[in-house]
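Architecture at a glance
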Amino acid sequence: MGKAEVGTPKWIGNKMKSKGLQKLRWYCQMCQKQCRDENGFKCHTSSESHQRQLLLFADNSRKYLDEFSHEFEKDFLNLLRRQFGTKRVHANVVYQEYIRDRNHTHMNATRWTSLTGLCKHLSRHGKVVADETEKGWFITYIDRDPETIARAEALAKKQKMDKDDQERVYDFIEKQVQKGKKEGDEEEAVFTEFKRENPEEKIQIQLGSKIKKEEVQLVPSSSFADKKDVKPGKSSDTDDSTFKMPYSKDIKKEKTTEKRKFSALDEIMREQEAFKEKSGRKDYWLTENIVVKVVTKSLGDKYYKKKGFIKQVIDKYGAMVTMIDTGHTLKLDQSHLETVIPAEGRTVMVVNGAYRGYRAVLKSLDAKHFCVTITIDSGPVKGRIVEGVQYEDICKIHTE
């Protein structure tokens, strides 16, 4: 009986019956033919074309097994990479997605008799990470694409640079603290526990200093008269009590107190600066209306090392940058940009660190240590001079 002609009801009925997946046991991989029932599969195996394919397989069985196995493994890994990425997923879920394709290579035509054998093979060759649990085998795809590896290396390099910047800031703060300790000659205050020897004794707090009466006694007029009678080289009792001069000791004590108060204030200011530096230091620095430079070569030489200004910040780490030369607007990541340092005397924006968000005036550049000195020009600390500010913490402000 010949095949039905195209377009006839018999041909349409056969197409409707063959639509979709069929039973695996009635599929011939060598002939790539799917039969609908057991009788059809029996007729196929006894056909002349099938017998010829079996003779070819018998001549070189390993060649066909390797070919089918390679094709099955390739399609299976492509599906795992595209649909699941590097997520941990059940192996049977991936296999069910794979066999949805009607023209897929069947596993019974490969060297693996079960899905377990396939998972072990892929794990042994370093293509997936396979682990067996009570619910079965789970696999995780290992992405060895050069672009993915390059992207991971760039991210690791950026994290290392950020860490180096933080370490440099901490080293600078540590040096400043050590320098302050060397310059300060005052003794450090020793804090002890407050103990009361007598619990019933009242605590009295005396504010201010009182001058002893004996040190400020007023001299009566008669004393000057008696002074005349005193012989040279001798002194009376009135002299010791009346003309005692404690002023030099008082002045020295007052100066020491003022010095200690200034040192404590200086220490508090240092702590506040360190706190502001820690709270203001972020891993993102993009700010609107600042001039930046494109440092990525992926956009070509047309934009490489060209300047633009940030028109809009997107999700902290991205920005819409309008190029100054061409006027084109590009969407760029923070890692593709760097700050621009203007000439001395120009206004800059502090984009990171303790004074983040403040406007300042650039006073001087220190090219040897890659830092600048600025004067804060806005906010409650206007007029304060800040030294040792890193290049990446300030940026030129865009002006129309």
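Use the structure listed above.
Residues numbered from 1 in each chain as written. Predicted model: local features only at pLDDT ≥ 70, side-chain atom pairs only at ≥ 80, totals over all residues. Heavy atoms only, no water.

Quick notes on the packing of aromatic side chains
The following threshold applies: Think of it this way: a Phe, Tyr or Trp ring, Trp meaning its six-membered ring, pairs with another when their centres are within 6.5 Å, and the plane angle makes it stacked under 30 degrees, edge-to-face over 60, tilted otherwise. Only DSSP runs of H or I covering at least 4 residues are called helices, and only runs of E covering at least 2 are called strands; the numbering of each starts at the N terminus. Remark: exposure states derive from per-residue accessible area (1.4 Å probe, protein chains only) relative to the maximum for the residue type, with buried under 20%, exposed over 50%, and partly exposed in between.
The full count for this structure, using the stated rule, is seven aromatic pairs. Measuring from centroid to centroid gives 6.1 Å for Phe72 and Phe76, while their planes differ by 15°, and the two rings are stacked. One end of the pair is Phe72 and the other is Phe76, both in helix H4 (residues 61-84) and four residues apart, which spans about a single turn. Take Phe72 and Phe76: they sit in the same class, and that class is buried. Seen in terms of ring centroids, Phe72 and Tyr98 are 5.0 Å apart; in terms of plane orientation they differ by 80°. Their pairing is edge-to-face. Highlighted residues: Phe72 in helix H4 and Tyr98 in helix H5 (residues 91-98), separated in sequence by 26 residues. As far as burial versus exposure is concerned, Phe72 and Tyr98 are alike and both buried. Connected via pairs of aromatic rings, a cluster forms that spans Phe72, Phe76, Tyr98 and Trp112.

Description of the sheet that holds strand S8 (residues 318-323)
Note the threshold: In this analysis, strands are considered paired if DSSP registers two or more bridges between them. Axis lines are fitted through C-alpha atoms, for helices just across the contact stretch, and the angle between N-to-C directions can take any value from 0 to 180 degrees.
Pairing is antiparallel across the open sheet formed by five strands, whose spatial order is S9-S8-S7-S6-S10. Pairing within the sheet leaves two strands with one partner each, and these edge strands are strand S9 (329-333) and strand S10 (337-339). Neighbour to neighbour, the strand axes of the sheet diverge by 45° on average, direction disregarded. Both strand S6 (residues 291-294) and strand S7 (residues 307-314) contribute to a ladder of three bridges, which runs antiparallel. Directly across from Lys293, in S7, lies its bridge partner Lys307.

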